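Remarks on the overall topology
As a plain string of letters, each chain reads:
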Amino acid sequence: MIMTSMAETQWSRLDDKLFERDLVMVPEDYPERWLRVAECVPGKSPRELREHYEDLVRDVLDIDSGRVELPTYADDDSDGPWDSPSQISFGSKTREAESERKKGTPWTEEEHECFLSLSLSMFSPYF
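Residues numbered from 1 in each chain as written. Predicted model: local features only at pLDDT ≥ 70, side-chain atom pairs only at ≥ 80, totals over all residues. Heavy atoms only, no water.

By the naming in an unreviewed UniProt entry, the protein is Myb-like domain-containing protein, taken from Carpinus fangiana.

Looking at the state of the cysteines
Put plainly, a disulfide is one covalent bond tying together the sulfur atoms of two cysteines. Our working definition: Our working definition of a disulfide is a cysteine sulfur pair at a distance within 2.5 Å. For helices the rule is a DSSP run of H or I covering at least 4 residues; for strands it is a run of E covering at least 2, with both sets numbered from the N terminus onward. Throughout this description, buried means an accessible area under 20% of the type-specific maximum (1.4 Å probe, protein chains only), exposed means over 50%, and partly exposed covers the range between.
Inspection of every chain in the model, using the stated rule, returns one disulfide. The side chain of Cys40 participates in a disulfide bridge whose partner is Cys114; the two sulfur atoms lie 1.4 Å from each other. Here Cys40 and Cys114 share a disulfide; its torsion about the S-S bond, 85°, makes the bridge right-handed. With Cys40 in the loop between α3 (33-38) and α4 (46-64) and Cys114 in helix α6 (residues 109-123), this pair connects stretches of sequence that are 74 residues apart. Note on accessibility: Cys40 and Cys114 belong to one class, buried.

Focus: the packing of aromatic side chains
What counts here: Stacked, edge-to-face and tilted labels apply to pairs of Phe, Tyr and Trp rings (six-membered ring for Trp) whose centres lie within 6.5 Å, assigned for plane angles under 30 degrees, over 60, and everything in between, in that order. Placement of a positive charge over a ring is assigned whenever Lys NZ or Arg CZ falls within 6 Å of the ring centre and within 35 degrees of the normal to the ring plane.
This model, assessed by the stated rule, comprises three aromatic pairs. On the basis of an interplanar angle of 70° and a centroid distance of 5.5 Å, the ring pair of Trp11 and Phe19 is categorised as edge-to-face. Neither residue differs from the other here; Trp11 and Phe19 are each classed as buried. Centroid distance Trp34 to Tyr53: 5.4 Å. Interplanar angle 50°. Geometry classified as tilted. Placement of Trp34 in helix α3 and of Tyr53 in helix α4 is noted, with a sequence separation of 19 residues between them. For Trp34, a relative accessible area of 16% gives the class buried. Taken together, the aromatic side chains of Trp11, Phe19, Trp34 and Tyr53 make up a single cluster linked through ring pairs. Here Arg33 stacks its cationic end above the ring of Tyr53, 5.7 Å away from the centre of that ring.

Quick word on a nonpolar patch on the surface
Selection rule: Exposure above 30% relative accessible area and the absence of a salt bridge qualify a residue for a patch, where like charges join within 9 Å and nonpolar side chains (Val, Leu, Ile, Met, Phe, Trp, Tyr) within 5 Å. For the accessible areas, the method is Shrake-Rupley and the probe is 1.4 Å, while residue cover comes only from the protein chains on display. Within this document, salt bridges are pairs made up of a side-chain nitrogen of Lys or Arg and a carboxyl oxygen of Asp or Glu, the two lying within 4 Å of each other.
A cluster of nonpolar side chains, contributed by Ile63, Val68 and Leu70, occupies part of the molecular surface with about 250 Å² of accessible area. Note on placement: Leu70 falls in the loop between α4 and α5 (95-99). When its relative accessible area of 60% is taken as the criterion, Leu70 is described as exposed.

Some remarks on the side chain of Asp15
In plain terms, the rule: For this analysis, residues touch if any pair of their heavy atoms sits within 4.5 Å.
Within the element layout of this structure, Asp15 appears in helix α2 (residues 13-25). Filtering out sequence-adjacent residues up to four positions away, Asp15 remains in contact with Gln10, Val41, Pro42 and Lys44.

Observations regarding the nonpolar core
Note the cut-off: Buried Ala, Val, Leu, Ile, Met, Phe, Trp, Tyr and Cys residues form a nonpolar core when they are joined through side-chain atoms within 4.5 Å.
Membership of the largest hydrophobic core comes to 16 residues, with the highest contact counts inside it found for Phe19, Val26, Trp34, Val37, Val41, Leu49 and Leu118. Listed by contribution, the elements that provide at least two residues to this core are α2, α3 and α6. The biggest single contributor to this core is α2, with four residues. Sequence-distant contacts of Leu49, defined by excluding residues within four places in its chain, comprise Trp11, Phe19, Trp34, Val37, Ala38, Val41 and Lys44.

Pasting the structure below:
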């Protein structure tokens, strides 16, 4: 579901990833949260970020309540293992899969600098 506020600007996959990462890094009760998040998502205003977040929350609630059916993909293989270790399975897992640690994508230098900047400004008395 795409809300009208999300349609105002285009969101790239990178925009979404930066946005998601910064939502985790900046606590909900942090003063000026959306201003802080906007510092790390180029080209997005604090208002756009807040509206994007509210739209995503509504979408998740719709999915969780069953109002939106999860899609079935042509390449779904419910009988066999996943083709790629980066794919997510919502089905039952084997013991081996549960104990296997997922490997993440390393941060870019820009993401690392943003993390350090936000962390220092939030938790250091000297900044």
